[in-house]
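Residue-level structural notes
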Amino acid sequence: MTKRMRKLDVKKMEPIAKEATRDALKTYIWPSGRDEDLTLGIRLEDEYGIFELYFSGERPEDAIVLTEARVNRITGEVSVKVFLPKKPEADGPPG
C-alpha cells in the first residue's frame, strides 16, 4: 500500500509566496501610480501553486505580469521570477 503525500493548499502556500516575492522585489524598481490595478492571480497545478502579481487590464491579454512565485506543493520550496527592471545598485560594481 502506497502512502499518498498530502499537498499544500493555497492557505499554506500563499504566505510562502508572499515572503519570497517581497524578498525578491528588494532589488527591483517597483512601478509607481498603478497600485489600484494590482491583482494577485492564483492557480494550482499538480506539482505547484503559482502566484502572479500583475496589473490588470481592460482585457485579460492586456494584463502586465510583474512577478511569478512557484511553490512546490509537496516540499514548500519556492522560486520567484521578477519581470521588472533591476535597481542600478543591484547590478554590482561597474567593471
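Everything below is about the structure shown above.
Values in this document were obtained by computation on a predicted structure and should not be read as measured data.

**Digging into the overall build of the protein**
Counting its secondary structure elements, the protein contains 1 helix and 4 strands. Listed N to C, the secondary structure of the protein is α-β-β-β-β in terms of helices and strands. The C-alpha radius of gyration of the protein comes to 16 Å, more than 25% above the 12 Å expected for a compact globule of 95 residues. Put simply, of all contacts in the protein between residues at least 6 apart along the chain, 47% involve residues at least 24 apart. Entry remark: accessible area of the protein is about 7100 Å², with carbon and sulfur atoms responsible for 52%.

**Considerations on the sheet that holds strand β2 (residues 48-55)**
Adjacent strands of a sheet form backbone hydrogen bonds with each other and so pair up, either parallel or antiparallel. Strand order in this open sheet of 4 strands is β1-β2-β3-β4, and the pairing throughout is antiparallel. Across the chains shown, the open sheet's two edge strands, defined by having one partner strand only, are β1 (38-44) and β4 (78-82). When strand polarity is set aside, the average angle formed by the axes of neighbouring strands in this sheet is 15°. Bridge count for strand β3 (residues 64-72) against β4 is 5 bridges, and the pairing is antiparallel. Bridging from a neighbouring strand, E68 pairs with K81 of β4.

**Here we look at the pattern of salt bridges**
The tally for this structure, following the rule as stated, stands at 7 salt bridges. The partner of R59 in a salt bridge is E61, and the shortest N-O contact between them spans 3.5 Å. Overall, the relative accessible area of 46% leaves R59 in the partly exposed class. Judged by relative accessible area, E61 falls into the exposed class, the value being 57%. Notably, a salt bridge pairs D62 with R59, separated by 3.1 Å at the nearest N-O pair.

Scoring rules and cut-offs
- Residue positions are given per chain, counting from 1 as you read along its sequence in written order.
- A pLDDT threshold of at least 70 governs which residues receive local features in this predicted model, and a stricter bar of 80 or more applies before side-chain atom pairs are shown or counted, although totals over entire chains, interfaces and linings include all residues.
- Values shown for side chains rest on all heavy atoms present in the structure; no hydrogens or waters enter the calculation.
- In this description a helix means any DSSP run of H or I spanning at least four residues, a strand means any run of E spanning at least two, and both kinds are numbered starting from the N terminus.
- For the radius of gyration, the atom set is restricted to C-alpha positions; the globular benchmark scales as 2.2 Å times the number of residues to the power 0.38.
- Only heavy atoms matter for contacts: two residues are in contact if any of them lie within 4.5 Å across the pair.
- Only the protein chains shown count as cover for residues, and all accessible areas are computed by the Shrake-Rupley method using a 1.4 Å probe.
- Following DSSP output, two strands are said to pair if at least two bridges run between them.
- All axes are obtained by fitting lines to C-alpha atoms, using only the stretch in contact for helices, and the reported angles, taken between N-to-C directions, cover 0 to 180 degrees.
- Any carboxyl oxygen of Asp or Glu that lies within 4 Å of a side-chain nitrogen of Lys or Arg is treated as forming a salt bridge with it.
- The buried label goes to any residue with under 20% of its type's maximum accessible area, the exposed label to any with over 50%, and the partly exposed label to all in between, with areas taken from a 1.4 Å probe on protein chains only.

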